[in-house]
Amino acid sequence: MNAYTEPCTGPGERAAGTGSPGAGPLQGTGRPEAAIAERSEPDRLGPFTAGQLGRLCDLVGIDAQRRTAHQRVLTDLLGPAADRPLTDPPASPSFVSDDHTPVEFSLTFPADGPPLLRVLVEPGCAAPALPDNARAAWAAVGRLGAQWGYRLDELTRVNDLFLPPAPHGPLTLWSALELRPSGPPGLKVYLNPGSRGAERSMETVGEAMTRLGHGRAYESVRSYLHPRFPERAGLMFFALDVGPWAEPRVKVYVAHRHATAADAADAARLVPGASPERVAELCRRIGGDEPFGRLPLISCYSFTDTAADRPTGHSLYVPVRAYVRDDRAARDHAVELLQHHGIHNAPLDRALAALTTRRLNTGVGLIPYLSLVQAGRQAPRITVYLSPEAYRVFPPRKDAGPGSPAGDRRAADHIS
Ligand code: TRP
């Protein structure tokens, strides 16, 4: 289980894998036996998530040929887990999603231009034991690197730190693909700072940053963490961009425990050019001024320039799912945030419909996080994270906190 989060809701309310458009029985075949056979065939993790990915590809303008290639990569990354029926429990308790689906999608909305689609996968998820999980994940990244001609130099310089023979959880290695309309995907790798024990995570990340030449810029983050670690701040992920990125980033994710909007704003002050006010405003919109006690706010510091003495970018992640009653409220927050940043007509509703046919107010967690990226002089970017809900839909919260735009209205609805 995750060192920084607790489960936010109770058990789910529906059978696995019933929420996907197109997941139902074949219609109009004229052969009832065929329809029955189709209906009794359980959905499997690979086709279920690849179907969602395909519909999201359509949405962002990725052509059919490339869509098929992306779907194949996702299925390959899932390995033996792809064939598992969704009626079976997940092969391992993946921490990628709350319901242990080892996949998460995200859509980034730049101020100009079409949204960018990404998918995060746990390639070792079929292995219940962490050493096997690590081996499978490492092999999967090696295969992708070889296939696309990506060098894994940075990764090989730190892999002994993050992939020891007996790794600690909750993850070993995850990979994310940025799916572009042309060319092979951008590849990112996520590693566990607590791989050698959570208590050694400061040391592990410090050493990795030094090896990669970012020791000086990381010093500001280290000084921020030092007085707060581990009660108020912990290290969550260490991430690397792999392959031919225009500006490859090394990223350090910090979970702020019981932080307020003002605390999150302070965490953004380490990054020149990031506006703390913007960070505070986003937090307040969702959770008001109370400490974020259910799930932590998260900062991600990115490093691109080894000559810099500060991180070059800051992202704030708000675990919106823990602070709203249901996904209708989470969606309303996302839309308000996009509009606030001048991004109109965002195809967010179509993306949600590409994932599930359920009504948004019947569950929570379809939108796990909303994030705000601020880097250099680029306009801020908003990212909406999307859960496949392959195994479970969490029921609406009974104790939604303040800050839900629909909260008051909904309370009134219940009374009338
Ligand atoms: N599911 C985990 C969590 O909620 C890990 C995770 C998935 C995550 N996507 C994320 C963490 C995006 C931060 C941002 O913490």
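Heads up: the structure comes first, above all this text.
What counts, and at which threshold
- Residues numbered from 1 in each chain as written.
- Predicted model: local features only at pLDDT ≥ 70, side-chain atom pairs only at ≥ 80, totals over all residues.
- Heavy atoms only, no water.
- Axes fitted to C-alpha atoms, helices over the stretch in contact; angles between N-to-C directions.
- Helix = DSSP H or I, 4+ residues; strand = E, 2+ residues; numbered from the N terminus.
- Parallel < 35°, antiparallel > 145°, perpendicular 65-115°, else oblique.
- Left-handed = near helix turned anticlockwise from the far one by under 90°.
- Contact = heavy atoms within 4.5 Å.
- Pairing = 2+ DSSP bridges.
- Polar contact = N/O pair within 3.5 Å; in protein donor to acceptor, adjacent residues only side chain to side chain.

1. Here we look at the packing of helix 2 (residues 45-59) against helix 3 (residues 64-78)
For any two helices packed against each other, the geometry is given by the interaxial angle and the distance between the axes.
Okay, so step 1: For the pair helix 2 and helix 3, the least separation of the axes is 9 Å and the interaxial angle reads 150°. With respect to each other, helix 2 and helix 3 are oriented roughly antiparallel. When the axes of helix 2 and helix 3 are compared, the crossing they make is right-handed. Only R67, H70, Q71, L74, T75 and L78 of helix 3 make contact with helix 2, whose side of the interface consists of L45, G46, T49, A50, G51, L53, G54, C57 and D58.

2. Regarding unusual backbone geometry
Most of the time, phi is negative for any residue but glycine, and the peptide bond is trans.
Okay, so step 1: A cis geometry characterises the amide bond from G169 onward to P170, with omega recorded as 10°.
Okay, so step 2: Looking at the secondary structure, you find P170 in the loop between helix 5 (153-162) and strand 3 (173-179).
Okay, so step 3: In this structure, H100 is a non-glycine residue whose phi angle is positive, near 75°.
Okay, so step 4: Tracing the backbone shows H100 in the loop between helix 3 and strand 1 (103-109).
Okay, so step 5: In this structure, H258 is a non-glycine residue whose phi angle is positive, near 55°.
Okay, so step 6: Within the fold, H258 resides in the loop between strand 6 (250-256) and helix 8 (261-268).

3. Focus: the sheet that holds strand 2 (residues 116-121)
Okay, so step 1: Pairing within the closed barrel is antiparallel, and its 10 strands lie in the order 1-2-3-4-5-6-7-8-9-10. With strand direction ignored, the average angle separating the axes of adjacent strands in the sheet is 20°.
Okay, so step 2: Two strands pair when backbone bridges link them, and strand 8 (residues 313-318) and strand 9 (residues 370-375) are joined in this way by six bridges, in the antiparallel orientation. Its bridge partner lying in strand 9, Y317 is registered against S371.

4. Considering the side chain of S220
Okay, so step 1: Checked against the element boundaries, S220 lands in helix 7 (residues 215-225).
Okay, so step 2: A distance of 3.1 Å separates a polar side-chain atom of S220 from the backbone oxygen of A217.
Okay, so step 3: Residue contacts for S220: discarding those within four places in its chain leaves L270, R310 and P311.

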